[in-house]
Amino acid sequence: MILVLRALGVGDLVTAVPALRALRAAYPGRELVLAAPAWLAPLVDLVGGVDRLVDTAGLDGPVGPGPAPQVAVNLHGRGPQSHRLLAAARPGRLLAFANRDAGWTDGPRWAADEHEVDRWCRLLSWYDIPADRGDLALRRPAPAGLPSGATVLHPGSTVPAKRWPAERFAALARALTDRGHRVLLTGSADERALAARVAGAAGLPPAAVLAGRTDLGALAALIAEARLVVSGDTGVAHLATGYGTASVVLFGPVPPALWGPPPDRPRHRVLWAGEKDWPRWDGVGSHPTLAALRLDEVLAAVAEVERVVRVSGAVAA
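Here's what I pulled together on the structure shown here.

Further remarks concern the layout of surface pockets. What the largest pocket holds in volume is close to 780 Å³. Considering the residues around the largest pocket, the lining is formed by 30 residues, among which G9, V10, W39, T158 and G235 are closest to the centre. Every element with two or more residues in the lining of the largest pocket is listed here: α1 (10-15), α8 (216-224) and α9 (235-243). Across the lining of the largest pocket, the residue classes tally to nine nonpolar, 14 polar and seven charged.

Laid out in structure tokens, this is it:
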């Protein structure tokens, strides 16, 4: 058995897809077990190659019952707690970043300024397991009975600082509706009030608010068949990358160099104002790097990715 620790959220899981597939290729005859929260199961099925999911919501452990794994792989973090959690499973071999606090001196050094996809590919490369950082495509989900060709706006984030102001999302929704887009608003159950406020200010009907009304599998199906996605640095943005759905991602305060879509894919456009010198933030509302992004910039980015889609479609035809 190959035991892999990873994924507290959607973005964590999707950015680990190249590493998970590399492990599947490296150990074709072994059971590949992923330790991650159970609610991610629909998305794990769309990654492919994972034989079993063990519900692991945190690092308090242990990682499920069962025999000791032949190999344990830490795709969760730098340690020491995650290292210790896997070491407690008594694996025959541990693949992880070096961490003296965990008593682990093997493995490469951690680099704080590394893109999340590259981080795990580099870890496996250290152990002679090649990984393709571009292997991010997800399997197409089964239809979920949701509209296809919609424009999905995702105004929320589990980190409030990463939210573009709600009134600008409302203005964006109005502008896109005027341009012929069918706009839908997504989010978690906790973000339903935010999505409803955006919809009300934009003049959208209550049916346009899907926040809290879709499970993860249905959300993936919606994104896979969407015309466009506009969101902050959230899991929805990573789903758009996985399905090649045109997207505009609003970054801040974390830079896109750490979590953004591949820069060589023009149908995914990143907006980022973090390179400027900002005054000290008071911790309330959107971070200044998000608040600095103007509506006209977002609309211009939407026009740009839609032009790329039209051109690529014409070339394919």
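Before going further, it helps to spend a moment on the sheet that holds strand β7 (residues 183-185). Taken in spatial order, the five strands make up an open sheet running β7-β6-β8-β9-β10, and their pairing is parallel. One side of each edge strand has no neighbouring strand; the edge strands of this open sheet are β7 and β10 (268-272). Recorded for the sheet is a direction-independent mean angle of 15 degrees between the axes of neighbouring strands. Sheet topology places strand β6 (residues 151-154) next to strand β8 (residues 228-232); four bridges connect them, and they run parallel. Along β8, the bridge assignment pairs T151 with L228. Sitting on the sheet, helix α6 (residues 166-178) touches β6, β7, β8 and β9 (247-251), and the angle it makes with β6 is about 175 degrees.

Below, the discussion takes up empty space enclosed by the protein. In this structure the tally under the stated criterion is three cavities of 30 Å³ or more. Every residue along the wall of the largest cavity is listed here: V14, T15, H115, V117, R133, L136, H238, T241, W259, G260, P261 and P262. Those elements giving two or more residues to the lining of the largest cavity turn out to be α1 and α9. Counted by class, the lining of the largest cavity contains six nonpolar, five polar and one charged residues.

Read across the sheet, five strands follow the order β3-β2-β1-β4-β5 without closing on themselves; strand pairing throughout is parallel. Here the strands that pair on one side only, and so sit at the sheet edges, are β3 (52-55) and β5 (93-95). Sheet twist, expressed as the average angle between the axes of neighbouring strands with direction ignored, equals 20 degrees. Across four bridges, the pairing between strand β1 (residues 2-5) and strand β2 (residues 32-36) is parallel. By the bridge assignment for β2, V4 is matched with L34. Contacting β1, β2 and β4 (71-74), helix α2 (residues 17-26) runs over the sheet at an angle of about 155 degrees to β2.

Quick notes on the rules
- Residues numbered from 1 in each chain as written.
- Predicted model: local features only at pLDDT ≥ 70, side-chain atom pairs only at ≥ 80, totals over all residues.
- Heavy atoms only, no water.
- 1 Å grid on protein atoms, 1.4 Å probe; cavity = no way out; pocket = protein on both sides within 12 Å on 5 of 7 lines; lining within 4 Å.
- Points joined across faces, edges and corners; volume = space filled by probe spheres on them.
- Helix = DSSP H or I, 4+ residues; strand = E, 2+ residues; numbered from the N terminus.
- Nonpolar A, V, L, I, M, F, W, Y, C, P; charged D, E, K, R; others polar.
- Pairing = 2+ DSSP bridges.
- Axes fitted to C-alpha atoms, helices over the stretch in contact; angles between N-to-C directions.
- Contact = heavy atoms within 4.5 Å.

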